[in-house]
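What the coordinates show
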Amino acid sequence: MEKTAVQRLARILKILVIVTLMCNIVVLLMVPALVTLKMNWWELLQMAKDPHEPISPVLVVVFMWPEVLRHLYQGWSNPYVMLTLFLVFCGVCTAVILWQAKKVLDTILKGEPFTLGNAVNLKRAAVCCFLIAGAALTRLIWGLAYYRSIGPLLNYNALFIPVFFMAGLVFMVMSALFRQAAELKEDQDLTI
């Protein structure tokens, strides 16, 4: 059977989603190292290439997790710990959203997009979007209290709240549409 234009597009999107998911997981593992060391990517790579003190980026990543846990034990007042927790939480939620997208694209590739499973997958993605918006709101409130200024209102955190809230609403609407389409399809299949 010949693939439709939608299925060809779904195949390309699935590849992009899988690549993005893999990148998300790699970066998610590196978050504590990057935040705790307060370095940028270039400094981390230079540290790994230094001939006098060769160190693997994998080792840096592995050894930074205990450092983050030690800071957590000492208290929540460290802004780097809060940033790490926020980024890890958002990264996990984003990985779940991407996985749900992959599952929806799989059903499109099979030619059966209107299933109750897709409605459930889209609802899970909506919940993850709402969780990210809630985490961003929590971090924004914490930042306002910690820094005692309006500075946290001017960074990406304040943008995460409406963006992910709206994305969650869009996923909820799509979930309801897919659920209704699946029920109509099921009724139609039963009448024939």
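Our structure's up above, just so we're on the same page.
Below, the structure is looked at part by part. (Residues numbered from 1 in each chain as written. Predicted model: local features only at pLDDT ≥ 70, side-chain atom pairs only at ≥ 80, totals over all residues. Heavy atoms only, no water.)

**Here's the deal with the overall build of the protein chain**
Helix and strand counts for the protein chain come out as 6 helices and 0 strands. By residue count, 34% of the 192 residues in the protein chain fall in the buried class. For the protein chain, contacts bridging at least 24 residues in sequence account for 74% of all contacts bridging at least 6. Accessible area of the protein chain: about 12,200 Å², with a carbon and sulfur share of 73%. (Helix = DSSP H or I, 4+ residues; strand = E, 2+ residues; numbered from the N terminus. Buried < 20%, exposed > 50% of the residue type's maximum accessible area, 1.4 Å probe, protein only. Contact = heavy atoms within 4.5 Å. Areas by Shrake-Rupley, 256 points an atom, 1.4 Å probe, with all protein chains shown as cover.)

**Side note on the side chain of Gln 100**
Counting through the fold element by element, Gln 100 comes out in helix H4 (residues 79-110). Not counting residues within four places of it along the chain, the set of residues in contact with Gln 100 comprises Asn 121, Arg 124 and Ala 125.

**With respect to the packing of aromatic side chains**
Applying the stated criterion across every chain, the model contains 9 aromatic pairs. Aromatic pair Trp 142 and Tyr 147: ring centres 6.4 Å apart, planes at 80 degrees, arrangement edge-to-face. Residue classification places Tyr 147 among the partly exposed residues on the basis of a relative accessible area of 46%. With 5.3 Å between their ring centres and 70 degrees between their planes, Phe 160 and Phe 164 make a pair best called edge-to-face. Of this pair, Phe 160 and Phe 164 both sit in helix H6 (residues 156-191), 4 residues apart, roughly one helical turn. Residue classification places Phe 160 among the partly exposed residues on the basis of a relative accessible area of 23%. Members of the aromatic cluster, connected to one another through ring pairs, are Phe 86, Tyr 156, Phe 160 and Phe 164. (Phe/Tyr/Trp six-rings, centres within 6.5 Å; stacked < 30°, edge-to-face > 60°.)

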